[in-house]
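Architecture at a glance
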Amino acid sequence: MNNTAIKKVERKQSVEQDSRKNQQKLAYQIDMMSIKMFLMSAIVAIVILVAATTIISMNNKITKTQTEIAKIEQKTKALNSQNEDLKLKAADLTSNSRLEKIAEKAGLNLNDNNMRNVK
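The sections below set out a description of the structure shown in this document. Owing to the predicted nature of the structure, the values given are computational and were not obtained by experimental measurement.

Rules behind the numbers
- Residues numbered from 1 in each chain as written.
- Predicted model: local features only at pLDDT ≥ 70, side-chain atom pairs only at ≥ 80, totals over all residues.
- Heavy atoms only, no water.
- Helix = DSSP H or I, 4+ residues; strand = E, 2+ residues; numbered from the N terminus.
- Buried < 20%, exposed > 50% of the residue type's maximum accessible area, 1.4 Å probe, protein only.
- Areas by Shrake-Rupley, 256 points an atom, 1.4 Å probe, with all protein chains shown as cover.
- Polar contact = N/O pair within 3.5 Å; in protein donor to acceptor, adjacent residues only side chain to side chain.
- Patch = residues over 30% accessible without salt bridge, like charges linked within 9 Å, V, L, I, M, F, W, Y side chains within 5 Å.
- Salt bridge = Lys/Arg side-chain N within 4 Å of Asp/Glu carboxyl O.

Each helix and strand in the protein was counted, giving 2 helices and 0 strands. Taking all 119 residues of the protein together, 0% fall into the buried category. For the protein, the accessible surface area stands at approximately 11800 Å², while carbon and sulfur atoms represent 59% of it.

Another point: the environment of threonine 76. Mapping threonine 76 onto the fold places it in helix H1 (residues 3-93). With relative accessibility at 39%, the residue threonine 76 sits in the partly exposed group. A polar contact of 2.8 Å, which involves the side chain of threonine 76, links it to the backbone oxygen of isoleucine 72.

Here the focus is a nonpolar patch on the surface. A cluster of nonpolar side chains, contributed by Tyr28, Met32, Ile35, Phe38 and Leu39, occupies part of the molecular surface with about 540 Å² of accessible area. Topologically, leucine 39 is positioned in helix H1. Exposure remark for leucine 39: the relative accessible area of 47% places this residue in the partly exposed category.

With that out of the way, let us pick up the pattern of salt bridges. Overall, the coordinates contain 1 salt bridge when judged by the stated rule. Between lysine 87 and glutamate 84 there is a salt bridge, and its shortest N-O distance comes to 4.0 Å. On the criterion of helical spacing, the pair formed by lysine 87 and glutamate 84 is a turn pair, its members being 3 residues apart in helix H1. Look at lysine 87 and you get exposed, because its relative accessible area is 54%.

Don't take any of this as a statement about function, it's just geometry.
Encoded structure:
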């Protein structure tokens, strides 16, 4: 073979080697991009999972608090009702007609001279 043929073969081999190197470099870059995309996807998935868990937890706490508030409101209504009943009983027990009946049974009588009207 002559020199030009050898040079052509060497060039061809050099071009093929460069082509293989470029293909390997490109494959490596694609692999690195795939790894980066996987890592980014994993990070996004973790962030979404944490956010969802936090939201669910907060909703549970809100529901529990609302239930406690409802129970307290029920107790408050029951106590208010009981207070009203007790006030009515107290008014009944201190009514003038009842006190007069008790005084009569005890043998006491009402003396108008000993009464004072208070305004």
